[in-house]
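# Geometric and topological summary
Take a look at the letters that make up each chain.
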Amino acid sequence: MKIKTDILIIGGGISGLSLALKLSHLAPDIQILLITKEEIKECNTFYAQGGIASVWSKSDSFQKHIQDTLIAGDGLCNEDVVRLIITKAPEVIKELIEMGIKFTKNADGDYDLGKEGGHSERRILHVNDLTGQNVEEVLIKQVRKLPNVDIKEHWCAINLYATNFRCDGAYVLDQNTGDIYGIVAKATILATGGAGKIYLYTTNPDVASGDGIAMAYRAGAIIANMEFYQFHPTCLYHPYAKSFLITEAIRGEGAILKDINGSEFMEGYHPLKELAPRDIVSRAIDAELKRTGDDHVLLDIASYKSPNFIKSHFPGVYENCIKFNIDITKDPIPVVPAAHYCCGGVLTKINGSTKVKNLYVIGESACTGLHGANRLASNSLLEGLVCGRECAEFLAKTLKDNKINEFEDWEPGHAVPSTEAVVLTQNWDEIRRFMWNYVGIVRTDKRLQRAKKRINLLLDEINQYYWDFKIEKNLVELRNLATVAKLIIVSAISRKESRGIHYNIDYLTKSSMIRPTTLRRPW
Ligand SMILES: Cc1cc2nc3c(=O)[nH]c(=O)nc-3n(C[C@H](O)[C@H](O)[C@H](O)COP(=O)(O)OP(=O)(O)OC[C@H]3O[C@@H](n4cnc5c(N)ncnc54)[C@H](O)[C@@H]3O)c2cc1C
């Protein structure tokens, strides 16, 4: 079955929605089909808490924001890209305000600018601690009004249709009916977000299985910097809490990390203590857990701020923790580090274009050069907004030259429904556990080699049965998860130094060769 459209956008987070919105305004006659794997709201964007970084106060400057970003990126940022994205920030924030986002204000009526690790100034615009939810909901509302945008939820992209470094669309599973469509498009945009599900502990929702990166890799795009997976230091630790992040803004407002006996420990790791960059805080917690054998540490805001302050500044965290009988106005919060943000991805220009013709990648799946070896907090929503717009402007100018190129229908072969769901579950668990243990916050050559052996075995196994089982989302995700895991492992092995968030105790210093890691199929 075929569907024809001008533009296929895969993903409905901040980047996909910003693109749809801008492109629709620039070129209202272009037909856009936007698909999302689950309900549209289910994406990393929705869960973002801290906010969006932008120079806003008089004491701040673009140069300071650029400098903070370059310092975090540890030598691997593309300075031109950093400058372009950061100088566009106030403009895109104003657009959000015009659309109806009510960023939190202080008692004087000015925007309440938050401060997060690595930022030298207060510059995080936020809607309390529910920024992502507010932004996502407003963008969805706007996009739903557009007559030339058709949104399909629970449609899972299986693979791109790409030959000879040219992409003509994608095969997509409609999970509501089980039908597989060949969607033919003049341009295909992957806005598929991150890949946190690769790790046992993650702040990301279930949709984040690295599908876009894996699909682009199979299509021949260049993948860069995958060894730089950022771990967030503070994810709620509770047996029933799935992936709930405790925003960094809490540390910005004075919360202190303590071991389970109540002793502070950050002073021994970094002069900025709790406000040190994320990788350092994550490593410090990891080291404390390894030293003490405990399974979590504590984050204490209750001892330093009044209940009113806590409830008004962090209503999302308060409400969520109370569900688990943790009253953050009285008790410290049990936390562990968790996989959070994919700094690498598909190598793109700022407008999303890749080495595969008619294939664009934006948002967390892309590697534009903004983040380098480590992302500065709250720069990623900004990147999604700016790159969505840049991609729209580029497509509005160039799309008329693209031609629709039909391809054959999906060939089901002899695939049968899986009678062995246990195989998929086992593979999922295995990947996520060894990625956590061997390719996590602290790495060694030996552990990386062990991980490589295991992922090769699993990839063989998955490739053997992939075509035997009837396509379902779990299987599609597993194959992508395994591919992205391999990309991370191979990239980590090839980086013979510790830089940014890639920390290998066999190479505690930086090498003099400062360059990104790039991979292209076949490995
Ligand atoms: C808990 C949390 C807090 C965060 N806080 C902040 C913050 O304060 N500030 C900040 O700047 N960043 C923050 N981030 C990071 C930021 O939220 C993400 O980087 C950003 O939202 C990514 O946007 P995106 O558009 O690239 O992807 P997403 O918002 O993740 O959207 C991905 C979309 O792709 C779709 N998709 C994926 N695979 C497929 C497929 N195979 N078929 C069809 N659709 C598919 C999904 O359904 C989804 O619609 C946070 C992230 C998390 C998880």
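Residues numbered from 1 in each chain as written. Predicted model: local features only at pLDDT ≥ 70, side-chain atom pairs only at ≥ 80, totals over all residues. Heavy atoms only, no water.

The subject of this paragraph is the site of the ligand. Surrounding the ligand, one finds 37 residues, the nearest of these being S15, T45, G51, D211 and E364. Contact distances for the ligand include 3.3 Å between an oxygen atom and a backbone N or O atom of A191. Between the ligand and the protein, one listed contact pairs an oxygen atom with a backbone N or O atom of L381 at 2.8 Å. The protein chains hide 98% of the 990 Å² of surface that the ligand would expose on its own. Put simply, the parts of the chain that give the shell around the ligand at least two residues each are α1 (14-26), β2 (32-36), α2 (44-47), β6 (155-163), β13 (333-342) and α11 (380-398). (Near = heavy atom within 4 Å. Polar contact = N/O pair within 3.5 Å; in protein donor to acceptor, adjacent residues only side chain to side chain. Areas by Shrake-Rupley, 256 points an atom, 1.4 Å probe, with all protein chains shown as cover. Helix = DSSP H or I, 4+ residues; strand = E, 2+ residues; numbered from the N terminus.)

Here we come to the pairing of β13. Most of β13 sits inside the fold, with 10 of its 10 residues counted as buried. Judged from the 3 bridges that link them, strand β12 (residues 297-300) and β13 form a sheet pairing that is antiparallel. From the neighbouring strand, L299 faces β13, where its bridge partner is I333. (Buried < 20%, exposed > 50% of the residue type's maximum accessible area, 1.4 Å probe, protein only. Pairing = 2+ DSSP bridges.)

Quick look at the pairing of β6 now. Taken across its 9 residues, β6 has 7 buried, putting it largely inside the fold. Relative to strand β7 (residues 166-174), β6 is paired through 8 bridges, and the arrangement is antiparallel. Bridge pairing links L160 to A170 in β7. The loop that links β6 with its antiparallel partner β7 comprises 2 residues; one of these, N164, has a positive phi angle of about 45°.

Let us look at the sheet that holds strand β17 (residues 518-519). Backbone-to-backbone hydrogen bonds pair the strands of a sheet. The strands run either parallel or antiparallel. The strand order across the open sheet formed by 4 strands is β16-β14-β9-β17, and the pairing between neighbours is mixed. For this open sheet the edge positions go to β16 (366-367) and β17, each flanked by a neighbour on one side alone. Pairing of strand β9 (residues 223-224) with β17, which is carried by 2 bridges, proceeds in the antiparallel orientation. Bridging from a neighbouring strand, A224 pairs with T518 of β17.

Tallying each qualifying case throughout the model produces 30 salt bridges. Between D6 and K186 there is a salt bridge whose closest N-O contact spans 3.6 Å. With D6 in strand β1 (residues 2-10) and K186 in strand β8 (residues 180-190), the pair connects residues that are 180 residues apart, well separated along the chain. With a closest N to O distance of 2.8 Å, D68 and R123 form a salt bridge. Taken together, the residues D68 in helix α3 (residues 62-73) and R123 in the loop between α4 (79-99) and β4 (124-125) connect sequence positions 55 residues apart. Note on accessibility: D68 and R123 belong to one class, buried. When salt bridges with common partners are traced through the structure, they connect E227, R495, E497 and R499 into a single cluster. (Salt bridge = Lys/Arg side-chain N within 4 Å of Asp/Glu carboxyl O.)

On the surface, D429, E430, D460 and E461 cluster together to form a negatively charged patch. Going through the elements one at a time, α12 (421-438) and α13 (445-466) are the ones with two or more residues in the negative patch. Along the chain, D460 turns up in helix α13. Residue classification places D460 among the partly exposed positions, given a relative accessible area of 48%. (Patch = residues over 30% accessible without salt bridge, like charges linked within 9 Å, V, L, I, M, F, W, Y side chains within 5 Å. Lys, Arg positive; Asp, Glu negative; His and termini not counted. Charge placed at Lys NZ, Arg CZ, Asp CG, Glu CD.)

Note that every value here comes from positions in space, so none of it alone points to a role or purpose.
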